[in-house]
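Breakdown of the fold
In case you want the letters, here they are:
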Amino acid sequence: MAACYELSIQPENVIKISGIGCSSKSPTYFMGRSHGFNAVHGRMPSIATGASIANRSLKTIGVSGDGDTASIGIGQFIHLMRRNVPMVYIIENNGVYGLTKGQFSATADQGQKLKKMGVNPFMPIDLCMEALIANCGFVARSFAGDPKQVKELLKSALNFQGTAVLDIISPCVTFNNRDESTKSYSWGIEHEYPLHDVTWVPSYDEIEMEIEPGEIVEVELHNKSRLVLKKLEHNHDTSDRLAAMQLLEETCCAEILATGLIYLNQNQETFQSVENLVDKPLARLQQDALRPSKEALEEIMADFR
């Protein structure tokens, strides 16, 4: 809500779509005057695709969970990435099915223990890695215990022209908050590794500067507001897809929660562009504009003869 407020996005210009699970109740609690649809389990991407085609003027926000996305919805998730449907795809990732009383989800750690489920024997699915492999142009990860970073990443995602995936580690305090779990608050606070200090800036003439690692610099922006930047001791090139994959693998092996913008590619065509949609939303076109002419129908029929 804060991200949309700071970007002056009106609720009437937003559609919120979710699937099934604890996470999918989230859209109920923000931007009450916006459009919304609660889809069936794992099918949020299909509904989001249809909505974005029917009315391209709406800002589409999808909210899903690790169960909704990484299990029953993994096929829909992959094809949404591949098509680059313009939307923000938020995953509230806690490694457990909380709504059905605490079974392991597909992102649960191997060896993770749950009170009534025992030990998880399977390797977890990394949804950021899956998004990268599917050629998603905006891949980021954050932690629910770091709301400032979450907000700035959301603002960036809302301004991205294509599918923007934001995997937010969101501990389930009822069923999966043991200290050794990588989806717990205590583990996240202790192991979070921000890749950069994230602040979204609107597009204006480029401001350039040289900052040494560890240096703090105050910058005056175009609207005369001031921004304080700190360059961390490490560099991560968000335009390098292979480096993004390597980062995910290395931080996973080192048991580090790397947060921030992992990969960015703004040069991919969106699904709407590939489908050559008109600028005016289809939902606002009159019937005479939607209905093919008699000559066009005859030409189509001739192709089938």
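Above this text you will find the structure in question.
Presented here is an overview of the structure given in this document. All values reported here derive from a predicted model rather than from experimental measurement.

A few points about the pattern of salt bridges
With the rule as written, the count across this model stands at eight salt bridges. Linking aspartate 167 and arginine 141 is a salt bridge whose minimum nitrogen-to-oxygen distance equals 3.0 Å. Highlighted residues: aspartate 167 in strand E10 (residues 163-169) and arginine 141 in strand E9 (residues 138-143), separated in sequence by 26 residues. Relative accessible area serves as the criterion here: at 0%, aspartate 167 is assigned to the buried category. Using a relative accessible area of 11% as the deciding quantity, one classes arginine 141 as buried.

Some details on the sheet that holds strand E11 (residues 192-194)
Whether parallel or antiparallel, the strands of a sheet pair through hydrogen bonds between backbone atoms. One open sheet holds the eight strands; their spatial order is E2-E1-E3-E4-E10-E9-E14-E11, and the pairing between them is mixed. In this open sheet, the two edge strands, each paired with only one partner strand, are strand E2 (35-38) and E11. Between one strand axis and the next, the sheet turns by 20° as a mean value, whatever way the strands run. Pairing of E11 with strand E14 (residues 257-264) involves three bridges; the strand directions are parallel. Within E14, the position partnered with tyrosine 193 by the bridge is alanine 258.

Observations regarding the layout of surface pockets
Here the second largest pocket is characterised by a volume of approximately 760 Å³. Lining the second largest pocket are 30 residues, with Asp109, Pro124, Thr182, Lys183 and Cys252 positioned closest to its centre. Of all the secondary-structure elements, those providing two or more residues to the lining of the second largest pocket are helix H5 (127-133), E10, helix H8 (241-253) and E14. Among the elements that take part in the lining of the second largest pocket, H8 stands out by supplying five residues, more than any other. Residue composition of the lining of the second largest pocket, grouped by class: 13 nonpolar, eight polar and nine charged.

Describing the packing of aromatic side chains
Scanning the entire structure with this criterion turns up three aromatic pairs. An angle of 50° between the planes, with centres 5.5 Å apart, marks the rings of phenylalanine 138 and phenylalanine 160 as tilted. In this pair, phenylalanine 138 sits in strand E9 while phenylalanine 160 sits in the loop between helix H6 (147-158) and E10, placing the two residues 22 residues apart along the sequence. As far as the burial class goes, phenylalanine 138 and phenylalanine 160 line up, both buried. With centroids separated by 5.9 Å and ring planes inclined at 65°, the aromatic side chains of phenylalanine 143 and tyrosine 185 adopt a geometry described as edge-to-face.

Conventions used here
- Counting restarts for each chain, with residues numbered from 1 along the sequence as it is written.
- Side-chain atom pairs in this predicted model are given and counted only at pLDDT of 80 or more, local residue features only at pLDDT of at least 70, and totals for whole chains, interfaces and linings cover all residues.
- Think of the side-chain values as coming from all heavy atoms in the structure, minus any hydrogens and water.
- Each reported salt bridge corresponds to a side-chain nitrogen of Lys or Arg within 4 Å of a carboxyl oxygen of Asp or Glu.
- Strands are runs of DSSP state E lasting at least two residues, helices are runs of H or I lasting at least four, and both sets are numbered from the N terminus onward.
- With a 1.4 Å probe rolled over the protein chains alone, any residue whose accessible area is under 20% of its type maximum counts as buried; one over 50% counts as exposed, and the rest are partly exposed.
- Strands were regarded as paired on the criterion that DSSP finds at least two bridges between them.
- Interaxial angle, 0 to 180 degrees, is taken between N-to-C directions of lines fitted to C-alpha atoms, where a helix line uses only the stretch in contact.
- Every definition here rests on a 1 Å grid over the protein atoms only: cavities are sets of points where a 1.4 Å probe fits but cannot get out, pockets are open sets enclosed by protein on both sides within 12 Å along at least five of seven lines, and lining residues have some atom within 4 Å of a point.
- Grid points are joined across faces, edges and corners, and a volume is the space filled by probe spheres set on the points.
- Under the convention adopted here, Pro, Cys and the residues Ala, Val, Leu, Ile, Met, Phe, Trp and Tyr are nonpolar, Asp, Glu, Lys and Arg are charged, and Gly plus all remaining residues are polar.
- Note on aromatic contacts: the rings of Phe and Tyr and the six-membered ring of Trp form a pair at centre separations within 6.5 Å, being stacked when their planes are under 30 degrees apart, edge-to-face when over 60 apart, and tilted otherwise.

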